[in-house]
Amino acid sequence: MSIYAKDTDPAFQAAGATLGLEIWCIENQKLVSVPKSSHGRFYSGSTYLILSTILPKSGALQHDIHYWTGKNANKVDSVLASDKALELDAALGSCTVQYMELQGRETGKFLSYFKPCIIPIEGVYASQKDHLKRETYKVTLLACKGDHVVHVKEVPFSRSSLNHNDVFILDTASKIFLFSGCNSSIQERAKALEVVQYIKENKHSGNCEVATVEDGKFVGDPDVGEFWSLFGGYAPIPQDSPSPVQKQSEAPFVKLSWITTRGKLDPCQTDSFSKEMLETDKCYMLDCNSEIFVWMGRHTSVTERKTSISATEDFLRNQGRSAGTHVTNITEGLETAKFRSYFYNWPQTVELKLYEEGRDKVAAMFKQQGYAVQELPDEEDIQPFIDCRGKLKVWWVDGDRLSLVPASEQRKLFSGDCYILQYTYLGNERDENLFYAWLGRGSVMEDKRDAISHMNAMVESGRGKPVVAQILENKEPSQFFSILQTLIVFKGGRSQRYKKFVAEMGIADETYDESKTALFRVQGMSPHNMQAIQVDTVWGSLNSSYCYILQTGTSVITWIGNLSSARDHDLLDRMLELINPTWQAISVREGSESDVFWSALGEKAEYARGKEIKGYIEDPHLFMLSGTEGDFKVQEIYNFTQDDLNTEDMLVLDCHIEIYVWIGSLSNIKSKQQALTLGLKFLETDVLMEGLSLETPIYVVSEGHEPPFFTRFFEWDPSKSNMHGNSFERKLAILKGKPQQLQAPIRNSWKAPMTPDILRSKSLSSNGRRRSFSPAPGASFPIIKSSSAPIVRKLFRGSSLNGSPDESFASAVSLESEEMLSKNAGNIQANGTEDHINLSVYPYERLTVNSKDPETSIDITKREAYLSEEEFKVKFGMTKRDFYKLPKWKQNKQKISLHLF
């Protein structure tokens, strides 16, 4: 709160200091506070002021002001409400966006505060009397429009009020009827059922019957007969006369005018607008035909702002504009995305928002006032989203060929190649699968396309609906790192196309081998989430915030940046052992480097020496996507809940650092590839103008198989996502207390996808011609943006099937059952107990890496597992159970010392 001026209305005392809604009504030309018990009840003869205060994850309080005018309210109250909105804005430090709301024409954002709806009441609000009492129950007919936010309007109780396009609610003393026009959508009918539930609970205390009547179906249903009897008997509803179709111009009408201090409009004589045109000591009106924006410079007075708003309202009346024209008042620096979209190349401003120190102060302030505000936890303290003790498989993509990567090599990827990763974990009473297409930055486009095509083919051929994602090297989400636990990314590639590309371009092949000089940047959040990334061997690759490993032909040097932390130093030691446990490194701190170090990096140059600032986490936004790629429409859903995930829809959850494309079971999206393409289209649209990159990670999530790292953004009820039927049938079952009849059966296991060989054979029809399952030639694929999602602490400790680098996916699947006994014989679960497999036992001398008589049938990544319990305890000084409780790096260290690694 800013310091109040002397003329600030006493009703605004402490306004904005509490999270949630604060509502005032104008009564006798004065503001009176509306108690919370009356929030959402609006009188058509009154005018209200609504303040919404939220605390986003960025830590900076956000205020929105709405002033709502009933259809029967007088003009004096309406003008006073707009003045009071500006007064409240000034009291809050001119940091609000203000919306003019008219009864029946409210914005979706306003209606989202009062889910499922607001039902305006006839009359005038009075604070000193019980204005809710009624002597007799009034039968009302309500018209409902909207599929995510619903506009409810009382219409005359007459047959002539009904039509085929809308949904109607007839509320009587003993029964509520829902009448669905034959042209209304399933989503609108489902939303109207929420209104029925609201009326039943609030006006009938939960004690009344509910009946549904479908337009055009009248025979043999007593509820239908009773419904029409209330209208004096059945008669057909006349067909609506078709309204003339108005073709919208590609470029909507937009006009910018300067509002003088006397309230006159001075149009700008140009059709192309830029931010520089908006002077900070002036006010402007942006006329977008169906919407009006009033932009107020920071250096304008409250009086000038009042004049501007009055001039805008006079303009609307004189122009005879529709009552549905929305007016939004914006202060400089708080421009909405829609406003900015009308200006050419509006600059992307990166402001350091309240995040670390500030967010804690704000949270503490609200806690002191008794509000349960949860502070953002440190990254290392965040619990895992999924079970990280699952099974990992990795395939290397080489054109049409997939090769299963041995378990010991799964965490070593090459920048010039592409890979497919399948992670299987225990979800809600069943195995769930997560597929990644990892696209190396140096890989060629053909390999990227093949990787995505292979992944989609594997997913479509398997049973179940796994989550799929495609990510670009150096833009991986933290969830990916948590699954792998450790990751080493080498330069270069091994695919045929990569080799051919560097040869044709005359580029030096940088593919890593130990004989070359190499520089690795070490990064990560914990020992369970750490990476070593090979970077260019030049000065510019260094950064004071990190630690590095420099490998030359004769020595290994570790470089410790001055701004690195103790955690970074620990990760450096661990990663050094994982890359090559035989290396004996020389450690140097920044500023004390030897000539050998600098000479290996070539010509001296500047490098980053400043501390890298951690970005804040954006609040998620939910959008409904409609149409096709050619006719693409996006609509934001404010204050979203799980109930907004209609089974007929496709939605995008925009988390800025990654997006989730959610596919409803009854949506018209039939493939993951189609969903990925529309996800890319969403990124291109950049609705919020937040600078979304086309490299932002895109997850595709199917209804009923939502992973915890998606459901964490909702108050999630798993039973709702496991129901059959359309959204109307589901809501009706819940309303009548019979949701269990519509629940889908829980599938217990994942059916292995078809192998590439089987897919190729199935893609041939009886006449021998190929049926392609790959995307169209020339299709582009999105590449993905970095994520700072909270990390997973628990680790994947088991191993996947092993195989040589040349082993194909087909061979791996066919041999899976045979390999379970030998390859996974030494698999020890995370709790330290052995799998129920009879292990073969061999003497220590036959298990060592330098054995003269080695046993060839063992899993070489788990040599120690074949020791007897007695010999294991002698060699390791502990039991197997205790050994497998140690961190992986400590296990490896002991195995190295015993020549078992």
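Residues numbered from 1 in each chain as written. Predicted model: local features only at pLDDT ≥ 70, side-chain atom pairs only at ≥ 80, totals over all residues. Heavy atoms only, no water.

> So what about the overall build of the chain? Which residues, and what values?
If you tally the helices and strands in the chain, you get 22 helices and 32 strands. By the burial criterion, 51% of the 901 residues in the chain qualify as buried. Within the chain, contacts between residues separated by at least 24 positions form 67% of all contacts whose residues are at least 6 apart in sequence. Summed over all atoms, the accessible surface of the chain reaches about 42300 Å², with 50% contributed by carbon and sulfur. (Helix = DSSP H or I, 4+ residues; strand = E, 2+ residues; numbered from the N terminus. Buried < 20%, exposed > 50% of the residue type's maximum accessible area, 1.4 Å probe, protein only. Contact = heavy atoms within 4.5 Å. Areas by Shrake-Rupley, 256 points an atom, 1.4 Å probe, with all protein chains shown as cover.)

> Please provide a residue-by-residue account of the sheet that holds strand S15 (residues 326-331), values included.
The pairing of strands in a sheet happens through backbone hydrogen bonds and is either parallel or antiparallel. Within the open sheet, the 10 strands sit side by side as S2-S1-S3-S4-S5-S15-S14-S13-S11-S12. Their pairing is mixed. Each having just a single partner strand, strand S2 (30-33) and strand S12 (265-267) make up the two edges of the open sheet. Strand-to-strand twist in this sheet, taken as the mean axis angle between neighbours without regard to direction, amounts to 25°. Of the strand pairs in this sheet, strand S1 (residues 20-27) and strand S3 (residues 47-54) are connected by six bridges, and their pairing is antiparallel. Along S3, the bridge assignment pairs Leu21 with Ser52. Those strands touched by helix H1 (residues 75-91) are S1, S2, S3, strand S4 (62-69), strand S5 (96-102), strand S14 (291-296) and S15, and its axis lies near 25° from that of S3. (Pairing = 2+ DSSP bridges. Axes fitted to C-alpha atoms, helices over the stretch in contact; angles between N-to-C directions.)

> Tell me about helix H3 (residues 186-203), residues and numbers included.
Compared with the 26 Å implied by 1.5 Å per residue over 18 residues, the 25 Å span of H3 between its first and last C-alpha is a close match. Within H3, the full set of buried residues consists of Gln187, Glu188, Arg189, Ala190, Lys191, Ala192, Leu193, Glu194, Val195, Val196, Ile199 and Lys200. The inward-facing, buried residues of H3 contact strand S6 (140-145), strand S7 (151-155), strand S8 (167-171), strand S9 (175-180), strand S10 (209-214) and helix H16 (727-735). Phi for Ser205, located one or two positions after H3, is positive at around 55°. (Expected span 1.5 Å × (residues − 1).)

> Outline a nonpolar patch on the surface, listing residues and values.
Taken together, Val139, Phe157 and Leu230 make up a surface patch of nonpolar side chains, about 220 Å² in accessible area. Overall, the relative accessible area of 37% leaves Leu230 in the partly exposed class. (Patch = residues over 30% accessible without salt bridge, like charges linked within 9 Å, V, L, I, M, F, W, Y side chains within 5 Å. Salt bridge = Lys/Arg side-chain N within 4 Å of Asp/Glu carboxyl O.)

> Explain the pairing of S14 to me, using residue names and the numbers behind them.
Most of S14 sits out of view: six of its six residues are buried. Burial along S14 is two-sided: Glu291, Phe293 and Trp295 and Ile292, Val294 and Met296, pointing in opposite directions, are all buried. With five bridges joining them, strand S13 (residues 283-287) and S14 adopt antiparallel strand pairing. Residue Tyr284 lies in a different strand from S14, and its bridge partner there is Trp295. Linking two consecutive strands that pair antiparallel, namely S13 and S14, is a turn of three residues; a positive phi of about 75° is found at Asn289 within it.

> Now, about the packing of aromatic side chains: what can you tell me, with residues and values included?
Overall, the coordinates contain 55 aromatic pairs when judged by the stated rule. Between Phe293 and Tyr342, the ring centres sit 6.4 Å apart and the planes meet at 55°, which makes this aromatic pair tilted. Taken together, the positions of Phe293 in strand S14 and Tyr342 in the loop between helix H6 (337-340) and helix H7 (357-368) put the pair 49 residues apart, joining distant regions of the chain. Overall, the relative accessible area of 2% leaves Phe293 in the buried class. Between the aromatic rings of Tyr419 and Trp438, the centroid separation amounts to 5.7 Å while the plane-to-plane angle is 55°, which identifies the pairing as tilted. Of the two residues, Tyr419 sits in strand S19 (residues 418-426) while Trp438 sits in strand S20 (residues 431-439), which places them 19 residues apart along the sequence. In terms of burial, Tyr419 and Trp438 fall into one category: buried. (Phe/Tyr/Trp six-rings, centres within 6.5 Å; stacked < 30°, edge-to-face > 60°.)

> Just give me the short version of the nonpolar core, but keep the residues and values in it.
Ranked by internal contacts, the top residues of the largest apolar core, which has 60 residues, are Leu421, Tyr436, Phe480, Phe520, Ile549, Leu653 and Tyr660. Here this core takes five residues from helix H11 (residues 566-579), the largest share from any one element. In contact with Ile549, other than residues within four places in its own chain, are Ala518, Leu519, Phe520, Val522, Val556, Ile557, Thr558, Leu572, Leu576, Ile579 and Trp583. Among the nonpolar cores identified, the runner-up in size contains 35 residues, and Cys418, Val459, Leu683 and Leu692 belong to it. (Core = buried A, V, L, I, M, F, W, Y, C linked by side-chain atoms within 4.5 Å.)

> Tell me about the pattern of salt bridges, and name the residues and values.
Under the definition given, this model contains 36 salt bridges. The salt bridge involving Glu122 is made with Lys71; its shortest N-O contact spans 3.6 Å. Of this pair, Glu122 sits in the loop between helix H2 (108-111) and S6 while Lys71 sits in the loop between S4 and H1, and the two are 51 residues apart along the sequence. Judged by its relative accessible area of 43%, Glu122 is partly exposed. With its nearest N and O atoms 3.1 Å apart, the salt bridge here joins Lys191 to Glu194. Here Glu194 and Lys191 lie together in helix H3, a separation of three residues that amounts to about one turn. When sorted by exposure, Lys191 lands in the same class as Glu194, which is buried.

> Lay out unusual backbone geometry with the relevant residues and their values.
Excluding glycine, residues mostly carry a negative phi; peptide bonds, for their part, are mostly trans. The amide bond that connects Lys115 to the next residue, Pro116, takes the cis arrangement and shows omega of 5°. Note that Pro116 resides in the loop between H2 and S6. In this model, Gln29 sits at a positive phi of 65°, which is unusual for a non-glycine residue. By the element assignment, Gln29 lies in the loop between S1 and S2.

> Explain the sheet that holds S6 to me, and be specific about the residues and the numbers.
The mixed open sheet is built from five strands, whose spatial order is S7-S6-S8-S9-S10. Each end of this open sheet is capped by a strand with a single partner; those strands are S7 and S10. Each adjacent strand pair in this sheet contributes to an overall mean axis angle of 25°, direction not counted. The pairing of S6 with S8 spans five bridges and is classified as antiparallel.

> Could you give an account of the packing of H1 against helix H5 (residues 302-319), with specific residues and numbers?
Packing of H1 against H5 leaves a shortest axis separation of 10 Å and a crossing angle of 145°. Two packed elements cross with a definite hand, and for H1 against H5 that hand is right-handed. When H1 is examined against H5, the residues Lys75, Ser82, Asp83, Leu86, Asp89 and Ala90 are found in contact with a partner set consisting of Val302, Arg305, Lys306, Ile309, Glu313 and Arg317. The residue makeup of the contact of H1 with H5, split by class, is four nonpolar, one polar and seven charged. (Left-handed = near helix turned anticlockwise from the far one by under 90°. Nonpolar A, V, L, I, M, F, W, Y, C, P; charged D, E, K, R; others polar.)

> How would you explain the packing of H3 against H16 if you had to name every residue and give the values?
Put simply, H3 and H16 touch, their axes get as near as 8 Å, and they point 15° apart. Comparing the axis directions of H3 and H16 gives the class roughly parallel. When you trace H3 past H16, the crossing you get is left-handed. Residues Ile186, Gln187, Arg189, Ala190, Leu193, Glu194, Val196, Gln197 and Lys200 of H3 form the contact with H16, whose participating residues are Ser727, Phe728, Lys731, Leu732 and Leu735. Looking at side-chain class alone, the contact of H3 with H16 contains seven nonpolar, three polar and four charged residues. (Parallel < 35°, antiparallel > 145°, perpendicular 65-115°, else oblique.)

> Could you give an account of the pairing of strand S11 (residues 255-259), with specific residues and numbers?
In this sheet, S13 lies alongside S11 in antiparallel orientation, the contact comprising five bridges. Across the sheet, the residue bridging to Ile259 is Cys283, located in S13. The loop that links S11 with its antiparallel partner S12 comprises five residues; one of these, Gly263, has a positive phi angle of about 85°.

> Outline the confidence of the model for the chain, supporting the account with residue identities and numerical values.
For the chain, per-residue confidence averages 81 on the pLDDT scale, and residues scoring 70 or more make up 80% of the total. In this model residues 350-363 is a low-confidence stretch, pLDDT under 50, and it forms 25 contacts with partners more than four residues away in sequence or in other chains. Segment residues 757-837 is flagged for pLDDT under 50; beyond a separation of four residues in sequence, or across chains, it makes 212 contacts in the model. (pLDDT = per-residue confidence, 0-100.)

> With reference to specific residues and values, describe the environment of Ile663.
Inspection of the secondary structure puts Ile663 in strand S31 (residues 659-663). When the C-alpha atoms of Ile663 and Ala675 are compared, they prove to be 7.7 Å apart, with 12 residues separating the residues in sequence. Excluding residues within four positions of it along the chain, Ile663 makes contact with Asp649, Ile669, Ala675, Val700, Val701, Ser702 and Glu703.

> So what's going on with the side chain of Gln187? Residues and values would help.
Secondary-structure assignment places Gln187 in helix H3. Separated by 2.8 Å, the side chains of Gln187 and Asp649 make a polar contact. Not counting chain neighbours up to four residues away, the residues in contact with Gln187 comprise Asp147, Asn646, Glu648, Asp649 and Ser727. (Polar contact = N/O pair within 3.5 Å; in protein donor to acceptor, adjacent residues only side chain to side chain.)

> Quick one: what's the story with the environment of Pro347, residue by residue and with numbers?
Structurally, Pro347 can be placed in the loop between H6 and H7. Pro347 sits 72 residues away from Lys275 along the chain, and the two C-alpha atoms are 8.0 Å apart.

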